[in-house]
Amino acid sequence: MDMQLPPHEGGKLTVVDMHTGGEPLRVILSGYPVVKGDSVLSKRRYVREHLDHLRKVLMFEPRGHYDMYGALIVDSELPEADLGVLFMHNEGYSTMCGHAVIALGRFAVDYKLVKEPQSPETQVNIHCPCGLVKAFVEYSEGKTGGVRFFSVPAFAFATDVTVMVEGFGDVKVDISYGGAFYAFVDAQRFGLDVNKSRTRDLVDAATAVTNAVKSQVKLHHPTSDDLAFLYGTILTDGKDDYSSDPTANVCVFAEAQVDRSPTGSGVTARVALQYHKGLIQLNQTRIFQSGATGSQFTGKAVEETKCGSFKAVVVEVAGRAFYTGVSHLVQESEDKLSAGFLLK
């Protein structure tokens, strides 16, 4: 039987589904309207204000799920960029996503967004809302493999900040930036274990921290106000001193969305935080493990730099992404749930 589109109204949205360390990425191939704006950041504002209904169609049930993640490829204003990208999730649009960069690096080579792949690695310049991220894709005999990327400047924003967390009292948190801002807390502070505790309990604790930091700490970023928001909270196993053993964490971001991977931008921010505290040195590789799935990324600080007045580092993060399918998504006018819904 030949594959054909079912009855529908309007156009179709074509997507390629991937995952990195268990965290999904839905890459939108075609079907999106023109995204207006003279920069990737202005395009992010445009889709948020004018095309948000399509985010819900793609991310929400019945086509997606509460923890779905997406990437919309757009034109970049930077001549050195191979592609621009907008990230989307259950709440809106993020400024950086490491697991997506790893997947998009492989996707860009396989779908010929890079004209002349090179062995043993092909460089892919991905313009994210937070800035240009350089990814390097293993490439041999026409096949793509693992991906590593160099982050935008990452820095510790504040350490040992005391916030009043509902249900838990005063809690000390660290806040660090890795393309997005995260709060970091040892899960043991809440009597939890990132590898063994119920996901619901981890989500509740992390969400409480996120709400507290958002209401009690004012964030700022040296280059753009669009970047000055808390993306989520990362609960850790507390093993921040350098070791060759893996250190685990669970990231809860956006609207209580749980990352299945170790979180690429979170690993970036955590490495920057550990470097700031003198716990690791340049080019010391650490293994970061997802408490949710056990999947692993590696991360290391490779270069000191500055971000405004902040002492910062460039972080290299590495992992693997895999394809899971290709879909044509359609809508029918009589379907009252077609616009999307979420079960919380």
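Scroll up a little and you will see the structure.
All of the points below concern the structure found in this document. These numbers were taken from a predicted model, which means no experiment stands behind them.

Conventions adopted
- Residues numbered from 1 in each chain as written.
- Predicted model: local features only at pLDDT ≥ 70, side-chain atom pairs only at ≥ 80, totals over all residues.
- Heavy atoms only, no water.
- Patch = residues over 30% accessible without salt bridge, like charges linked within 9 Å, V, L, I, M, F, W, Y side chains within 5 Å.
- Areas by Shrake-Rupley, 256 points an atom, 1.4 Å probe, with all protein chains shown as cover.
- Salt bridge = Lys/Arg side-chain N within 4 Å of Asp/Glu carboxyl O.
- Lys, Arg positive; Asp, Glu negative; His and termini not counted.
- Charge placed at Lys NZ, Arg CZ, Asp CG, Glu CD.
- Helix = DSSP H or I, 4+ residues; strand = E, 2+ residues; numbered from the N terminus.
- Contact = heavy atoms within 4.5 Å.
- Buried < 20%, exposed > 50% of the residue type's maximum accessible area, 1.4 Å probe, protein only.
- Right-handed = clockwise from strand over helix to strand, strands pointing away.
- Pairing = 2+ DSSP bridges.
- Polar contact = N/O pair within 3.5 Å; in protein donor to acceptor, adjacent residues only side chain to side chain.
- Expected span 1.5 Å × (residues − 1).
- Disulfide = S-S within 2.5 Å.
- Phe/Tyr/Trp six-rings, centres within 6.5 Å; stacked < 30°, edge-to-face > 60°.

So, on to a negative patch on the surface. Together, Glu9, Glu332, Glu334 and Asp335 make up a negatively charged patch on the protein surface. Note on placement: Glu9 falls in strand E1 (residues 9-20).

Below, the discussion takes up the side chain of Ser42. Take Ser42: it is sitting in helix H1 (residues 40-50). Apart from residues lying up to four places away in sequence, Ser42 is in contact with Lys36 and Gly37.

Bringing the pairing of strand E11 (residues 230-236) into the picture now. In terms of burial, E11 is largely enclosed, as seven of its seven residues are buried. Between strand E10 (residues 181-186) and its parallel partner E11, the chain crosses via helix H4 (residues 199-216), and the hand of that crossover is right-handed. Judged from the five bridges that link them, E11 and strand E12 (residues 247-253) form a sheet pairing that is antiparallel. Note that in E12 the partner of Ile234 across the bridge is Cys251.

Attention shifts here to the pattern of salt bridges. Under the counting rule described, the total for this entry stands at twelve salt bridges. With a closest N to O distance of 2.8 Å, Arg148 and Glu121 form a salt bridge. Of this pair, Arg148 sits in strand E7 (residues 143-150) while Glu121 sits in strand E5 (residues 121-128), and the two are 27 residues apart along the sequence. On the basis of relative accessible area, Arg148 is assigned to the partly exposed category, the value being 21%. Here Lys277 makes a salt bridge to Asp174, at a shortest N to O gap of 2.5 Å. Taken together, the residues Lys277 in the loop between helix H5 (264-276) and strand E14 (286-290) and Asp174 in strand E9 (residues 169-177) connect sequence positions 103 residues apart.

So, about the environment of Tyr69. The residue Tyr69 is located in the loop between helix H2 (52-59) and strand E3 (70-74) in this model. By relative accessible area, which is 1% here, Tyr69 ends up buried. When the C-alpha positions of Tyr69 and Val27 are compared, they lie 8.9 Å apart, and in sequence the two are 42 residues distant. Of the polar contacts made by the side chain of Tyr69, one reaches the side chain of Tyr231; its length is 3.2 Å.

With that out of the way, let us pick up H4. Its 18 residues place the ends of H4 26 Å apart at the C-alpha level, agreeing with the 26 Å of an ideal helix rising 1.5 Å per residue. Of the positions making up H4, those classed as buried are Leu202, Val203, Ala205, Ala206, Ala208, Val209, Thr210, Ala212 and Val213. Here the buried face of H4 lies against strand E8 (155-165), E9, E10, E11, E12 and strand E13 (257-258).

Let us look at the state of the cysteines. According to the stated counting rule, one finds zero disulfides in the structure shown. Considering cysteine sulfurs only, Cys128 is the nearest to Cys130, which forms no disulfide, with 5.0 Å between them. Cysteine Cys307 is unpaired, with the sulfur of Cys130 as its nearest cysteine sulfur at 10 Å. Residue class for Cys307 comes out buried when judged on its relative accessible area of 7%.

This next bit is on the side chain of Ser261. Structurally, Ser261 can be placed in the loop between E13 and H5. Not counting the four nearest positions on each side in its chain, Ser261 is found in contact with Thr20, Gly21, Glu23, His99, Ser290, Ser295 and Phe297.

What follows is about the packing of aromatic side chains. If you walk through the whole model with that rule in mind, you get 15 aromatic pairs. Each ring, one from Phe157 and one from Phe310, has its centre 5.8 Å from the other, and the planes form 35 degrees; the classification is tilted. Linking Phe157 in strand E8 with Phe310 in strand E16 (residues 310-319), this pair joins segments that are 153 residues apart in sequence. Taking the centre distance of 4.7 Å and the plane angle of 75 degrees together, the rings of Phe168 and Phe190 count as edge-to-face. With Phe168 in the loop between E8 and E9 and Phe190 in the loop between E10 and H4, the pair connects residues that are 22 residues apart, well separated along the chain. With a relative accessible area of 31%, Phe168 lands in the partly exposed category.

All right, on to H2 then. For H2, the buried fraction is high: six of the eight residues fall into the buried class. Considered for burial, the residues of H2 that qualify are Asp52, Leu54, Arg55, Val57, Leu58 and Met59.

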